[in-house]
Structure formats: structure tokens, C-alpha cells
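Given next are the chains, with one letter for each unit.
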Amino acid sequence: MKLVHAADLHLDSALHGLTRYESAPADEIRGATRRAFGNLVGLCLEERAGLLVISGDLFDGDWRDVSTGLFFAKELNKLCQAGVRVAWIRGNHDAVSQIRKSVRLPEPVIELSHEQAETRVLDELGVAVHGRSFARRDVTEDLAATYPERVSGALNVGLLHTALEGRTGHDRYAPTRVETLVNRGYEYWALGHVHQREVVHREPYLVFPGNLQGRHARELGEKGATLVTYEGDRISAVEHRCLDVVRWAELSVPLATAHNLDDVLSAAKLELERAAEGAQERLLAFRVKLSGPTRLDAQLRASRDQLREELCSLSYGVSAGAWLEKLVIATEPLEQGAALGDDALAEIDRALAELVAESGAEGLTELLGDLSRKLPAEVLELVPELRGPSGAGAEELAVDVRSLLRERLAAGHGA
Ligand SMILES: [Mn+2]
């Protein structure tokens, strides 16, 4: 028999990072979380799963309008008609206190109580589902400690929205220890909250399926749900299934052998081809990251705009569904202050750090505006970022300026 475990669907939340393109497929991007949910329903039907469990953050927050709830109810009806049971808990994003609107869900759908941890036994499936919803957003007590005893003779599945002992990038809601969960005696803990897929423990299983659809450049790679196969109270397989419709990728472009911008672009193209192959027919939002020591450090920074355009243009040749989300230049010069005295470099660093700290992004932009009106044209040519307001943050600008000053000063020093 089979069950499907999903979490962190964040239905109808926006995808960030592709808005700069007028021609971006807005509908596909806007509807991504819904289409991924459609894929989840499809998986349940194809696999003839008896049960779908959702471990919190099904919704991103209060609905803008009731259409979010209606969409959910409609998809659930498809499952109910096929005889698939559904059990879900609320997490921090869709805690009872967070969602004011509501729609009536099909009757067989089980929303577990937010008042105390409860158990629902589904005899026809041989499954006991235990769980508790978040009543409010900031649950800081160990909910797992209050979960009921296991039901013997059934597959015990615990639904819990938690960061366990803490997970990078996630608030420490409903903290608990792996040991607490293992000792509870359930066969499978269906966890939610952490967007990165992770099998924390086997026998018993503690699984974060990850979110169903990546929503920005920090939610990379294959997203989907977990398919669990069981017989009686024994689990025979736990498998990840990809269900996302927009894939996020970060391409690290090797620069060690790059002698010029063409080399950089060729290397980026290879990485993009690999990512596009992995994304199959999905829309691919890719970030290009250039990092590490390179002789091209200053040149890359000076050519930022041109590089961005070249990357866009080469992406069209690789896949019509590939979109450059961002170009990140985090390179370092090859020779650390070989020609310049350390004192001079330290002085540049200190001045830039001070500038960033004092003026912040806004102040710096303003200051650059003033500066650009006074600077000779050839300097602006060399450092186009000095032309004034741009999307770059103060720190990024400071690193660009540092790198370019360093190169020019070193060149002057050597001459
Ligand atoms: Mn959460």
C-alpha cells in the first residue's frame, strides 16, 4: 500500500526573481504552486495511494481572495472521488490565527486539531495518523512531547511542523529532538517546515520532503513529495518524486582556465546546458555565480552589464524556457596586492567599509550620483557602476569599486 507525504506547498505564493523580463511567462510563474499541487494530486492517483498527508504550510498566509481555498477544495474533491484520504496540519504560515477566510472542504478530509495532538485511525488503510495543527504562528514549545501513544497493529504516521533542533534558514518553531521522535515508536514522521528535502533518520523514518515548488533562488534543485510504500506496519520504500514546474538552479562557472570573457561565456553555456537537461521540459530560472581568484576579476566587474546581456542571449540558444535570474560576481583578483603596498589596499578597504556602513545603499547611490557628474568620461567608461542609481547593493558596489581601483592603481604603480 502507498501513501504520499508533502509539506510546505505555500499555495499561491509568488515566485521571486524573474520580474525584470517583460517577456517572462507570467502565467506559468504565477500559477507554479498550483500546477505543482496538480502534479501532487496526479501522483496520488497514478500511484493509487490510499492517503495523502500534508505537514503544514499548505497556504502561504491569509488568502488574497477565496479562490485559493476554492482551488484547494476542488483538487481535494478529485482525490476524494478516487477514494484517496487526506490528512493535514497547519504550520506557522497557515496557523489558525493566520487565515481568516475559509471554504468548506470535502467531508473525508481530516484537518488535525490545533487544541491538542490527536490520533485518527484509518482502518481501511491500516494507518494511524497522529498530529497537531499550529494555533498561532509562533509555536515555541515542543509539540511532539504531547503526541499520543502508537496504535499497535497499524502503520503510525506522525504529522509535525517543526525545525527539530534547528535548521539553517528556518525559524525554530515547535522545536524537538530527533531522539524524542524516535522514542515515540511511530514508523514514520511526516515532517514539514524545512524546505530542503532531508531524510533525517531511517527506521523509524523522519522525513522532510522539502517544498513542492521552489519559489526563489535559494530554493534550488528538484522539488516534490515523498512516496511511501508499506505493508502492515513495515515500510518497504521511501522515494522522492519531482513535482515542480519551475526549476531554480545556480550555475558555478569554473574560471581557473578562463583567459577572457569568451572563455567565461563558453564555460557558463556548458553549465547551463547541464542544468537545462536536468530541468527537462520545465521552466528554468538560473543564477550565474562567478567566484574565486581569477585574472579577469576587474574585467568581469567592469563588464557586468555586457555579461548579463550575453548570458541572456546565449540562454535562448540553449532552451526557450531558461531565464537568467541574476548574475553574481564574487571573484577575487589573482594576485593579492602584489604591485600595491598592503597599506594602500587596507586604506581602500577601510574607506569603502566606512562608506557602506555610514551611508547604506541609498546614501551610496546618492553619493555616486554626485560623483558621476564630476568624473571624467573615461573613468565612467571604466566603472559604469559609478554612473549612479543601479539595482546593485551598496556592498556589491563597494567590492566592484575596490577591485577596479586596485587594478588601476596596480597598473599605475607598475608603469
Ligand atoms: Mn513553516
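Residues numbered from 1 in each chain as written. Predicted model: local features only at pLDDT ≥ 70, side-chain atom pairs only at ≥ 80, totals over all residues. Heavy atoms only, no water.

## A short note on the pairing of strand β9 (residues 198-201)
Move 1: Sheet topology note: the β9/strand β10 (residues 205-208) ladder contains three bridges and is antiparallel. Among the inter-strand pairings, E198 is bridged to a residue of β10, identified as F208.
Move 2: Hairpin connection, β9 to β10: the antiparallel pair is bridged by three residues, and E203 has positive phi, about 50°. (Pairing = 2+ DSSP bridges. Helix = DSSP H or I, 4+ residues; strand = E, 2+ residues; numbered from the N terminus.)

## Comments concerning unusual backbone geometry
Move 1: With an omega dihedral of 0°, the bond running from E203 to P204 counts as a cis peptide bond.
Move 2: Considering the arrangement of structural elements, one finds P204 in the loop between β9 and β10.
Move 3: Phi at R48 takes a positive value of approximately 50°, unusual for a residue other than glycine.

## Some thoughts on the pattern of salt bridges
Move 1: Enumeration over the complete set of coordinates arrives at 25 salt bridges.
Move 2: A salt bridge links K2 to E47; the shortest N-O distance between them is 2.7 Å. On the criterion of sequence distance, the pair formed by K2 in strand β1 (residues 2-6) and E47 in the loop between α2 (32-46) and β2 (51-55) is long-range, its members being 45 residues apart.
Move 3: When its relative accessible area of 18% is taken as the criterion, E47 is described as buried.
Move 4: A salt bridge links R150 to D233; the nearest nitrogen and oxygen atoms lie 3.9 Å apart. You can see R150 sitting in the loop between β6 (127-131) and β7 (155-161) and its partner D233 sitting in the loop between β11 (224-231) and β12 (234-242), a full 83 residues away along the chain.
Move 5: Given a relative accessible area of 29%, R150 falls into the partly exposed group.
Move 6: On the basis of relative accessibility, which here comes to 35%, the residue D233 falls in the partly exposed class. (Salt bridge = Lys/Arg side-chain N within 4 Å of Asp/Glu carboxyl O. Buried < 20%, exposed > 50% of the residue type's maximum accessible area, 1.4 Å probe, protein only.)

## Things to note about the packing of α2 against helix α3 (residues 67-81)
Between two packed helices, what matters for the description is the angle formed by their axes and the separation of those axes.
Move 1: The geometry of α2 relative to α3 is characterised by a closest axis approach of 10 Å and an angle of 15° between their N-to-C directions. Here α2 lies roughly parallel to α3, going by the angle between them. In terms of crossing hand, the pair formed by α2 and α3 is right-handed. Residues R34, F37, G38, V41, C44 and L45 of α2 pack against S67, T68, F71, F72, E75, K78 and L79 of α3. (Axes fitted to C-alpha atoms, helices over the stretch in contact; angles between N-to-C directions. Parallel < 35°, antiparallel > 145°, perpendicular 65-115°, else oblique. Left-handed = near helix turned anticlockwise from the far one by under 90°. Contact = heavy atoms within 4.5 Å.)

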